[in-house]
Amino acid sequence: MTTAATHLWRLLKWGRTLARHGALQGIERDPLTPPNVRRLLRVARFGLRQPAVPDYAAALQAIGPAAIKLGQALATRPDLVGDVAAANLLMLQDSLPAEPFRAIKAAIERALEAPIETLFASVDETPVGAASIAQVHRAITTEGRDVAIKVLRPGIEEEFASALETYEWAAGHVELLGGNEAVRLRPRLVVAHFKQWTTRELDLQREAASASELREKMVAEPGFYVPEIDWRRTARRVMTLEWLDGIKLSDRDRLIAAGHDPKALAATLVRAFLRQAVIDGYFHADLHQGNLFALADGRVAAIDFGIMGRIDRRARMWLAEILYGLITGNYQRVAEIHFEAQYVPDYHDVAEFATALRAVGEPMRGLPVKDISVGRMLEGLFAITRDFDMPVQPHLLLLQKTMVMEEGVATALDPDINMWETAEPFLKEWLRSELGPEAYYADRIVNTVRALKLIPDLIRKIDASYPNPGGAPPPPPLPKVVAVEPRRWAPLIATALMAGAGGAAVAALLLG
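Presented here is a report on the structure given in the accompanying data block. Owing to the predicted nature of the structure, the values given are computational and were not obtained by experimental measurement. (Residues numbered from 1 in each chain as written. Predicted model: local features only at pLDDT ≥ 70, side-chain atom pairs only at ≥ 80, totals over all residues. Heavy atoms only, no water.)

Side note on the sheet that holds strand S10 (residues 300-302)
What the 4 strands build is an open sheet, ordered S5-S10-S9-S7; its pairing is mixed. Both outer strands of the open sheet, strand S5 (224-225) and strand S7 (246-248), are each paired with one neighbouring strand and no more. Where strand S9 (residues 292-295) lies against S10, 3 bridges are found, and the strand directions are antiparallel. Note that in S10 the partner of Phe 293 across the bridge is Ala 301. (Pairing = 2+ DSSP bridges. Helix = DSSP H or I, 4+ residues; strand = E, 2+ residues; numbered from the N terminus.)

Focus on the side chain of Glu 157
Along the chain, Glu 157 turns up in helix H9 (residues 156-177). A relative accessible area of 19% places Glu 157 in the buried class. Discounting residues that sit within four places of it in the chain, Glu 157 has contacts with Leu 152, Leu 202, Arg 236 and Arg 237. (Buried < 20%, exposed > 50% of the residue type's maximum accessible area, 1.4 Å probe, protein only. Contact = heavy atoms within 4.5 Å.)

Thoughts on a nonpolar patch on the surface
Where nonpolar side chains cluster on the molecular surface, the patch consists of Leu 452, Ile 455 and Ile 459 and spans about 290 Å² of accessible area. Mapped onto the secondary structure, Leu 452 falls in helix H21 (residues 437-465). (Patch = residues over 30% accessible without salt bridge, like charges linked within 9 Å, V, L, I, M, F, W, Y side chains within 5 Å. Areas by Shrake-Rupley, 256 points an atom, 1.4 Å probe, with all protein chains shown as cover. Salt bridge = Lys/Arg side-chain N within 4 Å of Asp/Glu carboxyl O.)

What about the packing of helix H1 (residues 4-20) against helix H4 (residues 56-63)?
Relative orientation of the contacting elements H1 and H4 amounts to 145 degrees, with a least axis distance of 8 Å. When you trace H1 past H4, the crossing you get is right-handed. Where H1 approaches H4, its residues Trp 14, Thr 17 and Leu 18 are matched on the opposing element by Ala 59, Leu 60, Ala 62 and Ile 63. Of the residues assigned to the contact of H1 with H4, the class counts are 6 nonpolar, 1 polar and no charged. (Axes fitted to C-alpha atoms, helices over the stretch in contact; angles between N-to-C directions. Left-handed = near helix turned anticlockwise from the far one by under 90°. Nonpolar A, V, L, I, M, F, W, Y, C, P; charged D, E, K, R; others polar.)

Some words on H4
Listing the buried residues of H4 in full gives Tyr 56, Ala 57, Ala 59 and Leu 60. Along the axis of H4, the buried residues cluster in a sector spanning 160 degrees; they form a single face. Next to the buried residues of H4 lie H1, helix H5 (65-74) and helix H7 (83-89). Phi for Gly 64, located one or two positions after H4, is positive at around 140 degrees. (Arc of directions from axis to C-beta.)

Quick word on H5
Burial of H5 is extensive: 10 of the 10 residues sit out of reach of the surface. Turning to H5, its buried residues are Pro 65, Ala 66, Ala 67, Ile 68, Lys 69, Leu 70, Gly 71, Gln 72, Ala 73 and Leu 74.

A look at the packing of aromatic side chains
This model, assessed by the stated rule, comprises 4 aromatic pairs. Look at Phe 339 and Phe 353: their rings are 6.1 Å apart centre to centre, the planes differ by 75 degrees, and that puts the pair in the edge-to-face class. Of this pair, Phe 339 sits in helix H16 (residues 331-340) while Phe 353 sits in helix H17 (residues 350-365), and the two are 14 residues apart along the sequence. With respect to burial, Phe 339 and Phe 353 carry one shared label: buried. Ring geometry for Phe 353 versus Phe 388: centroids 5.0 Å apart, planes at 80 degrees, classification edge-to-face. Taken together, the residues span a long stretch of sequence, with Phe 353 in helix H17 and Phe 388 in the loop between helix H18 (374-385) and helix H19 (394-413) at a distance of 35 residues. Exposure remark for Phe 353: the relative accessible area of 0% places this residue in the buried category. Here a set of aromatic residues connected by ring pairs shows up, and it is made of Phe 339, Phe 353 and Phe 388. The aromatic ring of Phe 120 is capped on one face by Arg 233, whose charged end is 5.6 Å from the ring centroid. When the ring centre of Tyr 225 is taken as reference, the NZ or CZ atom of Arg 299 above it lies at 4.5 Å. (Phe/Tyr/Trp six-rings, centres within 6.5 Å; stacked < 30°, edge-to-face > 60°. Lys NZ or Arg CZ within 6 Å of the ring centre and 35° of its normal.)

Considerations on the pattern of salt bridges
Taken as a whole and judged by the stated rule, the model has 21 salt bridges. Salt-bridge contacts for Lys 105 lead to Glu 117; the nearest nitrogen and oxygen are separated by 3.4 Å. With a gap of 12 residues between them, Lys 105 in helix H8 (residues 101-112) and Glu 117 in the loop between H8 and strand S1 (120-123) connect regions that are remote in the sequence. A relative accessible area of 28% places Lys 105 in the partly exposed class. Between Lys 263 and Asp 414 there is a salt bridge; the shortest N-O distance is 3.1 Å. Of this pair, Lys 263 sits in helix H14 (residues 262-280) while Asp 414 sits in the loop between H19 and helix H20 (419-435), and the two are 151 residues apart along the sequence.

Structure (structure tokens):
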């Protein structure tokens, strides 16, 4: 087990790098920061000249791969790191110098348990991308198919394991020393979700399964394409998938020159995301411009399925009602949903919370539809979480991040598009189908049938718990014994028991 001294040394080393980029100033100045933590921050920056404007992204880039991924996770938490830091972290570039091809070739052969020549006719030694966790090489299989090979960086799992151990240690101490605000923000739970996130990303076979599942679900959205997985050439540390020739959605000029309609691409992207998040409850949670391409036939294709989000049906219904309520100005219903979902503690007043929501929503309702921003709405919601003691909802963090990210990509393609305008009819129809009388009675029938199926098993359990009386007569009634108060009589009872045990031992020796 790693010692406290090792954790402190790592934190101090990382702290020096953060301080060099001015990234500790906000935490040090925050009045809610515990004095012990503030003293530690002063030690970390001792002797360093800090820039006037902090650069959080550059600091985490300098620390290494685990810090880059942590920064991407914290970009979803403006309530935790502040709006300025969250905006800066969204610019974090997940890229590092490439590993030498000889190391990558050895990693492929170890993972697939075969010489690389027996699986691929050729592999391009220069990677098409090198990120913090893995890098990608273009190749041609022995059957002649064009593919992309994604390979984990050698040693990356050990690096993440040691960093995560220190993150957990630090989060535990922040929660212990940080008072009520730290408890509300739940840093240990944030790190636990980050650990789940990175564990999935470090298993490329699970990423392949995620891509396969999304591909099946998106059959209903023909304008959105997910590449096919080559399972024969996929393992825990290597994933092989269909190569896609397309233009990144970030390159608007090239898209127009190639004959694509940016408005149609943006509409397809928004529609595909809504289908994933609202209807299926399973969505690609890293929809930035580098992971999205326009194919020659006009379809939008996605890659990089390491970060996926999942929301159950009940939470999706709450979410859809919240969004639709904000669109239509039904703040009372939105407030009621927050209390039904237990997002707000019940000692607060529903009407007061509805008024706070109105303060967030009404300034936007006077704007043209195309100027209403999902990002601005989420920023306003985050602002009232502290006033109403709202605990963080980790299962919605990925969705919030993805909504903001996806809105940014769609707006870059079509400045006139808006998530609200596209989402309103979609959400209205889905809510009608999910909350209408047909859905209500269908749910009741399903629940009744399930309950009826449980009856035989329930009878068997009752029969096992209450068997028929056997041959022995029933025991006589036993007198009630009033227990003594443990705190008051514990020493006397202990003495009596010890004396009784000693007497029994002496009697046994005499009789023996």
